[in-house]
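Architecture at a glance
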Amino acid sequence: MGNIASPEPMPARSVARSLPDRLLELVFPLTTSAIFTAAALLFWVQPMFGKLVLPLMGGTPAVWAATLLFFQTALLAGYLYAHALGHYLPLRAQLLVHMCVLLLATLALPVGIPSGIQPPADSMPVFWLFGLFTVTVGAPYTAVAATSPLLQRWFSMSGHPAAANPYQLYVASNIGSLVGLLGYPLLVEPVAGASLQTILWSGGFLLLILMIGLGALALQTRGQAAASQEAVASTTVTTFDRFRWVALAFVPSSLLLGVTTHITTDIAAMPLLWAVPLALYLLTFIVAFADKPLISRPILLKAETISLVLLASVLWFKDANAAGLAVSLFAFFVIALARHGELVLTKPPAGNLTEFYLWMSLGGALGGLFNAIVAPMAFDTIAEYPLTLAAAAFTRLLMVPAADRWKLTIGDFVLPAVALLAVTSMHALSFDIAHTPAITVALVIAALGVAVYSFHGQAWRFALGLTSILALLLGKFDSTLLHQERSFFGAYRIFSVPETNQLILSHGSTIHGAQNVGEAHPTPLTYYAKEGPLGQALTALRPNAPSLRFGVVGMGTGASACYATAGDTWTFYEIDPLVVSLARDHGAFRFLKDCTPNARIVTGDARLSLADEPDAVFDVLILDAFSSDSIPTHLMTRQALQLARAKLAPDGVILFNISNRYLKLEPVVANTARAAGLTGITQFFRSTEEQAKHMITSSHWIALSNSPGKLARISANGKWRPLEPDATTPVWTDDYSSLIGVISIK
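This report concerns the structure included in the present document.

Quick notes on the rules
- Residues numbered from 1 in each chain as written.
- Predicted model: local features only at pLDDT ≥ 70, side-chain atom pairs only at ≥ 80, totals over all residues.
- Heavy atoms only, no water.
- Helix = DSSP H or I, 4+ residues; strand = E, 2+ residues; numbered from the N terminus.
- Buried < 20%, exposed > 50% of the residue type's maximum accessible area, 1.4 Å probe, protein only.
- Contact = heavy atoms within 4.5 Å.
- Areas by Shrake-Rupley, 256 points an atom, 1.4 Å probe, with all protein chains shown as cover.
- Expected span 1.5 Å × (residues − 1).
- Disulfide = S-S within 2.5 Å.
- Core = buried A, V, L, I, M, F, W, Y, C linked by side-chain atoms within 4.5 Å.
- Polar contact = N/O pair within 3.5 Å; in protein donor to acceptor, adjacent residues only side chain to side chain.
- Patch = residues over 30% accessible without salt bridge, like charges linked within 9 Å, V, L, I, M, F, W, Y side chains within 5 Å.
- Salt bridge = Lys/Arg side-chain N within 4 Å of Asp/Glu carboxyl O.
- Phe/Tyr/Trp six-rings, centres within 6.5 Å; stacked < 30°, edge-to-face > 60°.
- Lys NZ or Arg CZ within 6 Å of the ring centre and 35° of its normal.

Along its length, the chain carries 25 helices and twelve strands. Within the chain, the fraction of its 746 residues that count as buried is 57%. At a minimum sequence separation of 6, the contacts of the chain that also span at least 24 residues come to 79%. Summed over all atoms, the accessible surface of the chain reaches about 30,500 Å², with 65% contributed by carbon and sulfur.

Along its 14 residues, helix α10 (residues 275–288) runs 20 Å from first to last C-alpha, staying within 8% of the 20 Å computed at 1.5 Å per residue. Taking burial as the measure, the 14 residues of α10 include twelve buried ones, the bulk of the element. Residues of α10 that are buried: A275, P277, L278, A279, L280, Y281, L282, T284, F285, I286, V287 and A288.

What follows covers the state of the cysteines. Every disulfide links exactly two cysteines, by a covalent bond between their sulfur atoms. Evaluated as defined, the whole model comprises one disulfide. Each sulfur in the disulfide pair C562 and C595 lies 1.9 Å from the other. Around the S-S axis, the bridge from C562 to C595 shows a dihedral of about 80 degrees and counts as right-handed. With C562 in the loop between β5 (549–553) and β6 (569–574) and C595 in helix α20 (residues 591–595), the pair connects residues that are 33 residues apart, well separated along the chain. One exposure class covers both C562 and C595, and it is buried.

On to the nonpolar core, then. Core analysis: the biggest nonpolar cluster contains 170 residues, and W201, F289, L389, L655 and I714 have the highest contact counts within it. In terms of residue count, helix α6 (residues 126–156) provides more of this core than any other element does, 15 residues in total. Once residues lying within four places of it in the same chain are set aside, the contact partners of F289 are Y167, Y170, V171, V344 and F356.

For the rest of this paragraph, the subject is the side chain of K647. Residue position: K647 is located in helix α22 (residues 638–647). A polar contact of 3.0 Å, which involves the side chain of K647, links it to the side chain of D615. When neighbours within four sequence positions are excluded, K647 is seen to be in contact with L610, A611, E613, P614, D615, A616, V617 and F618.

A cluster of nonpolar side chains, contributed by L182, L186, L187 and I740, occupies part of the molecular surface with about 360 Å² of accessible area. In this fold, L187 is placed in helix α7 (residues 169–188). The class of L187 is exposed, set by a relative accessible area of 61%.

All told, the structure shown has 24 aromatic pairs when counted by the stated rule. Seen in terms of ring centroids, F70 and F71 are 5.2 Å apart; in terms of plane orientation they differ by 75 degrees. Their pairing is edge-to-face. You'll find F70 and F71 in the same group, each marked buried. Aromatic pair Y527 and Y528: ring centres 6.0 Å apart, planes at 90 degrees, arrangement edge-to-face. For the residue pair Y527 and Y528, the accessibility class agrees, reading buried in each case. These aromatic residues form a ring-pair network of at least three members: Y79, Y167, Y170, W245, Y281, F285, F289, F356 and Y357. Residue placement shows K347 over the ring face of Y167; its charged tip is 5.5 Å from the ring centre.

Given below as structure tokens:
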């Protein structure tokens, strides 16, 4: 047997490799993963919390705007904390402090809305929403928001080969944001109830803490980069730099909310459309902060010029919904991408990274503040949208060389004036001709040609020209418009229809009621016409019940009141005090005044108000709050129908208006009604062409009751059919609801 050779000693470098040294090699994937996770959590919690608060506030774009504003403000607070931490403390202390902040934030887990919380019954509850969000989710959200800029700053000190450009990690942040935003309605919401969602989010928060802890351990052993903290490149940030960052971030943020309100109010009140502009907004960050630009700056600015002219044309001519939607979203995308691209071009070195993000987030928060708080108080229409488009045109001045920024020529004033004169003359002399398709196309092509060849390269000329056209648009006179007013919940218009001598109340593209002018006794129209299901049902119930106790959720113009007879009692529940004012006090509509002058009106969320009523207090309960896209889902759950059933007399009837252009609500109500112990019948009433001309509109109603006799009496005319449960649609509860399965484009 030969001698056994002694094993060769391990290289000293391998022996010396400790766990922190190995983690140092993983600093890039760890940092990227943590940033991705933090961003996904941020944009998961936004729609989740927006949904959690809807049962308190009803479903309106204004609630979404207020929700976004809070989270933008919390993001600003997180960036301010990150900047202070990075500016005043050494790296080791930054790591320790942030880990402590994250651990303290776990005391707020799981996030959620406390039971028993009730909003104030006023028209501007945005400040109450802010307080609620601050107490419930403010600490975890702010701590997560600070994570991305801090990790980027720490990565720049790591000595990694890619550390010189930590901004590339912002792409991972925005991809995570997009995954969180779209993953919630498409993957999480359809399969998980609200309580499970909050638990899952809390688990993600704990996972993030673990990721950051591992990254911190790696950064503690920066080896050769130990002295690099002071060597991170920085520059002097000027006041103009800060102003430019704020302005360039303000415009896309304000446009995000402005275009969301515009398309969901005036173009297509379609569910989940709120998420589309936000997804495009995040996509612009991904594209702008990529290592190599996907779109060159000259092409992008030319596309912006074309899109703004097209958008002004859509706003002026009121083009078809599909065209208006496409142009609005395209214009928003290129405007946001151009400004975010300019932010990338003007970003400072890594040493000023946290300050850059701080001023950028301030611009975003100011954009949200302008749309969510200032605009509803200052304007009676959605004026913030064209105003921000004008601001977008003026930010072109921040995107030209400093030497050219204040160069003005006589043409910069003359050409916009000529363009404005041409548009004004066309409107004054022959506006109807512009509705001819061939002439409309010719005018738009001519405007595009002028804009591209005479305005595109001249920042002042373009800004003044577009602003003049938008100002004319804001002041455009509509002879049929009698009144317009705005509240936190929406912008309403009362206008006349001379052809039929009628008045109409609308919220964007959704009609909330109509009235014939000059009638001695107002006749219910639209969904409430006597020919429709509501009229049929109330007529059938009358012979055996000369006096009835009515509850009505959703007021509109109050048209259902004119089914009242002597001896009835009527209670209306309406979340928006402005709707009450328009229906009762304005004077245009006479349903309430003439038919139920002594009706009791309760403002605030209907479900909370109904919970305060005695049991068995109504013979008929009309639920009429589901005609737009932003339906109050909390009024369609099993618990909501159980509450409604408790407020009915033993043989009472619930009449459910489920008329909706984009949602198939019959299977939802059928399943929740069965779960609540109610049976029902349903009817889709299709109006004739002649009826539709006189505002007798098609409608879809469901009647629910514990009394087979009452339902048989209503359906005796043969126009109703039994309400059948749908096995493919889950039962909606206070913990679970999803619009994905019930969207129906008609």
